[in-house]
Number of protein chains: 2
Amino acid sequence: MTALTNKQGGWVQRISLARPGIGDNTADAERLCQALMRAFGNRQVRVDWQLLPQLPHMLRQGDFAVKATVFPGREGLVVIDLAPASAPSSPILGLAVDIGTTRVAIRLVDMETGKSFGETSFDNPQIAVGPDILSRIHYAHSQEGAKELARQIRSAIGRESQALAKRAGLDSGRILAAAVAGNTAMTHLFLGLPTANMIREPYIPVINNPGSWKAHTLDLPFAPLARVFVFPNIGSYFGGDLVAGIMQTGMDAQQEVAMLVDVGTNAEVVVGNQDWLMACAGAAGPALEGGMSRIGMMAAPGAIDRVSIDKKTRAIAWHTIEDKPPVGICGSGVIDLAAGLFLAGMMDIRGKLVPDACAGRLIEKDGLPSLVVVEKELSGTGQSLCLDQADLDSLTRSKAAMYTILRTLTLSVGVEMQKLTTFFVAGTFGSYIDPESAVTIGMLPDLDRSVFCSVGNTSLEGAALLLVQAGADERARQIAGRITYLELNVNQEFMNRFSAAKFYPHTDIARFPSVAKKLGAASVA
Amino acid sequence: MTALTNKQGGWVQRISLARPGIGDNTADAERLCQALMRAFGNRQVRVDWQLLPQLPHMLRQGDFAVKATVFPGREGLVVIDLAPASAPSSPILGLAVDIGTTRVAIRLVDMETGKSFGETSFDNPQIAVGPDILSRIHYAHSQEGAKELARQIRSAIGRESQALAKRAGLDSGRILAAAVAGNTAMTHLFLGLPTANMIREPYIPVINNPGSWKAHTLDLPFAPLARVFVFPNIGSYFGGDLVAGIMQTGMDAQQEVAMLVDVGTNAEVVVGNQDWLMACAGAAGPALEGGMSRIGMMAAPGAIDRVSIDKKTRAIAWHTIEDKPPVGICGSGVIDLAAGLFLAGMMDIRGKLVPDACAGRLIEKDGLPSLVVVEKELSGTGQSLCLDQADLDSLTRSKAAMYTILRTLTLSVGVEMQKLTTFFVAGTFGSYIDPESAVTIGMLPDLDRSVFCSVGNTSLEGAALLLVQAGADERARQIAGRITYLELNVNQEFMNRFSAAKFYPHTDIARFPSVAKKLGAASVA
């Protein structure tokens with residue numbers, strides 16, 4: 001992974017200009033820009049027009065030594081803040097934003113040092129219009145609908161960034177730059193762009209490379225000259241959040257072939273290296289993102305994020321986020337739970353609860369067998385927390401879809417999964433997924449565990465990286481330009497693979513030797 | 001000269017895009033921009049963000065055939081207007097602006113056809129602060145002063161463009177693009193930039209390449225997405241007006257070496273061709289720009305712009321602009337008048353009025369001999385129009401300065417003036433100068449008259465050219481980048497040359513054989 005530092009040079013540069021003289025009468029703006037161009041790999045740099053009136057005084061006040069903050073503008077780079085280098089320094093604030101369909105995460109960073117001033121996450125307010133992408137896309141058929149959804153998400157980001165800054169003793173009105181990553185639909189709805197053509201053949205977004213926007217045109221309460229960089233999308237089904245993720249893992253810059261899986265409602269997978277990048281995405285169902293009937297929830301205080309089951313006593317131990325009384329279970333918890341149930345024999349290879357093994361924990365709810373995960377007495381809701389068979393079936397489909405997509409992608413590029421040396425597992429919401437559990441249920445391939453690298457919310461991390469690493473905007477665009485998108489052809493072969501993957505861990509247990517070993521020869525006979 | 005047509009392709013393009021399909025799911029914005037890039041020599045093109053929400057509907061409404069107006073944005077090109085190609089067409093309006101220190105000229109053009117909808121000129125309202133550049137630069141020492149001067153010129157341009165559009169039955173609110181040329185100080189004061197460092201060593205402007213601005217940030221009452229291109233300057237003493245002029249003459253693109261002289265308070269001279277361009281500028285005095293004591297005036301209705309004197313009867317015949325009763329004399333008229341006086345023996349080779357020859361027309365005013373050019377009865381002012389000896393002395397210095405600068409520049413590059421095949425004579429204000437008269441008084445070299453090409457206000461013409469010729473913005477920048485500026489070294493040699501040029505036509509009459517011929521051997525003995 002690329003470290004979150006500005007070793008490669010950040011957007012904030014302290015620079016000494018040659019003083020003008022009779023033999024060197026370059027204008028002030030060009031003098032500054034030429035020096036900055038050298039600092040930014042010969043990319044075009046210009047001065048925001050609103051800084052021009054103060055420029056002559058500013059340069060001379062600091063005897064031509066300045067601290068300049070540069071950020072991507074519409075096309076080239078633009079100087080958005082300038083101070084004499086000798087002036088007392090206040091931090092240059094940047095805001096990283098990951099807009100998820102369900103949850104939005106933001107982080108406030110010092111653009112010069114990379115230091116975080118804190119982060120927070122909150123529900124995407126568009127949920128009120130519709131919890132899923134499709135209902136929002138329908139809502140945004142009209143320009144008015146698109147505008148309204150944009151207003152919702154922007155005002156939430158504005159409000160939350162103000163609160164976040166305040167908690168850190170800072171002022172959101174001094175945020176000079178933001179980097180926003182989201183899937184293609186979320187990106188469009190953030191920018192107020194209609195999405196109608198994204199969901200009908202041939203699935204055309206309005207724009208794939210939205211570039212940099214002035215914060216005030218997006219009604220964000222940042223500094224007057226603040227710019228907002230929006231990560232590029234590849235197409236309707238592969239968004240800027242994945243581009244940010246790829247950048248954050250650094251897999252686009254390595255010689256070895258690596259794989260990145262983003263586990264969520266949509267399973268998004270990339271494989272490749274510095275020479276090529278191949279991606280595909282497909283619906284995995286909501287099970288991994290807290291979208292189950294009652295018990296499922298996003299990662300939030302009180303969510304069960306870790307589960308282990310004693311094979312002998314079948315006692316269920318769990319951990320919640322912030323150690324709050326449990327109120328639900330998030331993606332990483334569900335995967336742990338299913339793995340535990342399976343290894344303890346409480347769930348069979350078809351993903352069905354085994355009544356005998358679950359005895360004492362099994363009740364019936366709405367006509368379905370239901371497993372009590374947390375007893376009423378320990379629950380934070382006042383009611384027992386139960387996982388029913390429908391939830392498990394939903395998880396089974398999700399994990400099968402995920403594995404099938406992984407397999408289809410690797411087959412398409414002729415890469416043997418066993419040869420991968422790095423396998424990044426990102427989970428945008430929920431705690432870090434435990435690869436051990438994910439392999440046990442057959443969601444991820446049975447590789448040496450050291451190959452797996454849980455990377456959390458890579459979209460937010462990638463956005464934060466963009467704020468502190470000069471040139472990261474070009475890198476993001478390059479990544480987007482390099483990706484070949486594999487259109488998933490849901491044909492008979494795919495369906496056969498999917499059916500085989502709906503078993504725990506898989507019909508072909510030979511593919512999961514470590515799981516077979518755990519189960520012991522007897523239980524898989 | 002480059003013709004004012006869009007033969008090379010204009011900013012308004014009618015273009016048919018490939019329709020999207022399963023095999024071609026490029027996003028709408030990128031689809032349009034890629035097609036436009038091909039039309040604009042592979043320059044980056046983007047869609048103004050305010051057009052993005054309508055883009056999908058607009059493309060599909062016209063079945064992917066559109067009329068797109070593109071113009072230079074901050075760095076790359078930007079689509080600022082879009083309509084289905086089949087929609088009823090209204091003209092795409094552009095405004096060419098030449099900001100002179102004294103006079104401002106504007107012209108409204110159809111950006112698609114190059115057709116002019118009319119033009120007008122008006123006093124630079126900053127005259128109220130100070131008639132000359134220096135007093136305004138002093139006023140603009142403070143940011144407030146600079147802002148106030150900017151407000152004055154911008155509101156005048158706004159007001160006059162509204163009136164101009166109205167007269168043509170059009171709406172200035174539909175002006176989509178403007179091109180503004182002016183000297184470096186006028187450009188700075190238009191943009192509200194402080195000019196203090198321009199007039200003290202080492203003479204540093206704030207910016208040489210201001211590029212393109214959004215019209216609304218300049219408070220101009222144009223279309224919401226309108227852009228304003230501001231011609232680049234070379235330095236404090238060679239401005240965008242000359243760059244526009246060079247472009248308009250086409251001398252930057254020709255193999256033959258040509259010369260361009262802009263006759264005004266400042267004498268600005270360029271010599272060069274497609275391979276090199278050398279320029280210099282120097283004070284020529286106000287005589288040629290209507291700046292004489294009483295009789296001098298800018299080109300305006302009632303200004304004497306043509307004069308001829310009968311050698312035998314010494315009768316003075318004149319012509320006024322719009323044939324109005326004479327109220328003064330403009331630059332071209334003064335040159336004609338001096339040439340006529342000299343050839344008729346009414347002025348000697350030192351530029352002094354000859355009492356005997358002027359008999360009947362000579363009076364004394366404020367202790368100075370003064371020549372009645374227009375009798376009281378014929379005058380539009382109710383008073384006779386007189387040229388006094390001080391006016392003539394002022395003209396003598398101006399014409400001498402002009403010739404000296406021409407000679408210094410050609411000597412510096414080793415070009416023999418006699419070898420020039422084209423000699424453009426621009427006069428920003430005043431009618432076209434008659435080269436015959438200018439040679440007679442020794443202001444311009446004695447070349448074959450077919451070599452001279454009077455080109456009027458090349459600054460305004462160049463600005464108009466920019467509005468109709470795609471790529472003219474890059475060409476303007478290239479011209480600015482290619483010019484070598486010769487710092488006039490006012491040393492003894494220069495002063496000797498200047499002294500020799502203060503005679504009519506010159507102490508060395510051999511340099512002016514055609515004038516010698518006219519005078520006849522006797523009068524120059």
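Residues numbered from 1 in each chain as written. Chains lettered and ligands numbered in written order. Predicted model: local features only at pLDDT ≥ 70, side-chain atom pairs only at ≥ 80, totals over all residues.

Participant: Give me the lowdown on the overall build of chain A, citing residues and values where you can.
Facilitator: Per the secondary structure count, chain A includes 13 helices and 22 strands. Overall size of chain A, expressed as C-alpha extent along the three principal axes, is 90 × 50 × 45 Å. Within chain A, the fraction of its 525 residues that count as buried is 54%. Here the contacts in chain A between residues at least 6 apart in sequence split such that 67% fall between residues at least 24 apart. (Helix = DSSP H or I, 4+ residues; strand = E, 2+ residues; numbered from the N terminus. Buried ≥ 20, exposed ≤ 12 C-beta atoms within 10 Å, placed from the backbone. Contact = placed C-beta atoms within 7 Å.)

Participant: Could you give an account of the interface of chain A and chain B, naming the residues involved and the relevant values?
Facilitator: Opposite the 38 residues of chain A that make contact, chain B presents 38 residues. At the level of secondary structure, the elements contributing two or more residues to the side of chain A that touches chain B comprise α1 (28-39), α2 (55-61) and α4 (143-167) of chain A. When residues of the side of chain A that touches chain B are assigned to their parent elements, the largest contribution, three residues, is made by α1(A). Of the residues that constitute the side of chain A that touches chain B, the class distribution is 20 nonpolar, twelve polar and six charged. (Nonpolar A, V, L, I, M, F, W, Y, C, P; charged D, E, K, R; others polar.)

Participant: Give a description of the sheet that holds strand β1 (residues 12-16) of chain A that names residues and reports values.
Facilitator: Sheet strands associate in pairs through backbone hydrogen bonding, adopting either a parallel or an antiparallel arrangement. Residue and element names in this part refer to chain A. An order of β1-β3-β4-β2 is seen for the four strands of this open sheet, with the pairing classed as mixed. Looking along the sheet, the strands with just one partner apiece sit at the ends: β1 and β2 (45-47). Averaged over all neighbouring strand pairs, the angle between strand axes comes to 40°, with direction disregarded. Bridge count for β2 against strand β4 (residues 77-84) is three bridges, and the pairing is parallel. Within the sheet, the bridge partner assigned to Val45 lies in β4 and is Leu77. Most of the contacts of α1 go to β2, to which it runs at about 145°, and overall it touches β1, β2, β3 (65-72) and β4. (Pairing = 2+ DSSP bridges. Axes fitted to C-alpha atoms, helices over the stretch in contact; angles between N-to-C directions.)

Participant: Talk me through the environment of A:Trp318; I want residue IDs and the actual numbers.
Facilitator: Residue and element names in this part refer to chain A. Take Trp318: it is sitting in strand β15 (residues 316-320). As a C-alpha pair, Trp318 and Val373 span 55 residues in sequence and 9.0 Å in three-dimensional space. Non-local contacts of Trp318, meaning those with residues more than four positions away in its chain, are made with Ile304, Arg306, Val307, Pro326 and Val374.

Participant: Tell me about the domain arrangement of chain A, and name the residues and values.
Facilitator: Once the domains are mapped, chain A shows domain 1 (12-84), domain 2 (93-250) and domain 3 (284-456 + 489-525). Inter-centroid distance (C-alpha atoms) of domain 1 of chain A to domain 3 of chain A is 55 Å. (Domains from an automatic or database assignment.)

Participant: Just give me the short version of the sheet that holds strand β22 (residues 483-485) of chain A, but keep the residues and values in it.
Facilitator: Residue and element names in this part refer to chain A. The mixed open sheet is built from six strands, whose spatial order is β21-β20-β11-β12-β13-β22. The sheet is open, and its two borders are formed by β21 (452-456) and β22, each paired with just one other strand. Looking at each pair of strands side by side, their axes are set apart by 20° on average, direction ignored. In the sheet, strand β13 (residues 277-283) pairs with β22 via three bridges, with the strands oriented parallel. Residue pairing for β22: Leu277 is matched across the bridge by Ile483.

Participant: Any details on the confidence of the model for chain A? Residues and values, ideally.
Facilitator: Residue and element names in this part refer to chain A. With 96% of its residues at a pLDDT of 70 or more, chain A has an overall mean of 91. Low pLDDT, under 50, characterises residues 1-7; the stretch is placed with 15 contacts to residues that sit more than four places away or in other chains. Complex prediction metrics read pTM 0.89 and ipTM 0.87. (pLDDT = per-residue confidence, 0-100.)

Participant: Go over the pairing of strand β20 (residues 422-427) of chain A, please, and point to the residues and values.
Facilitator: All names here are of chain A. Burial analysis of β20 places six of its six residues in the buried class, which makes it a mostly covered element. Judged by which residues are buried, β20 turns out to be covered on both faces: Thr422, Phe424 and Ala426 on one side and Phe423, Val425 and Gly427 on the other are all buried. Strand direction decides the pairing type here: strand β11 (residues 258-263) and β20, joined by six bridges, are parallel. Paired with Leu260 across the two strands is Phe424, which belongs to β20.

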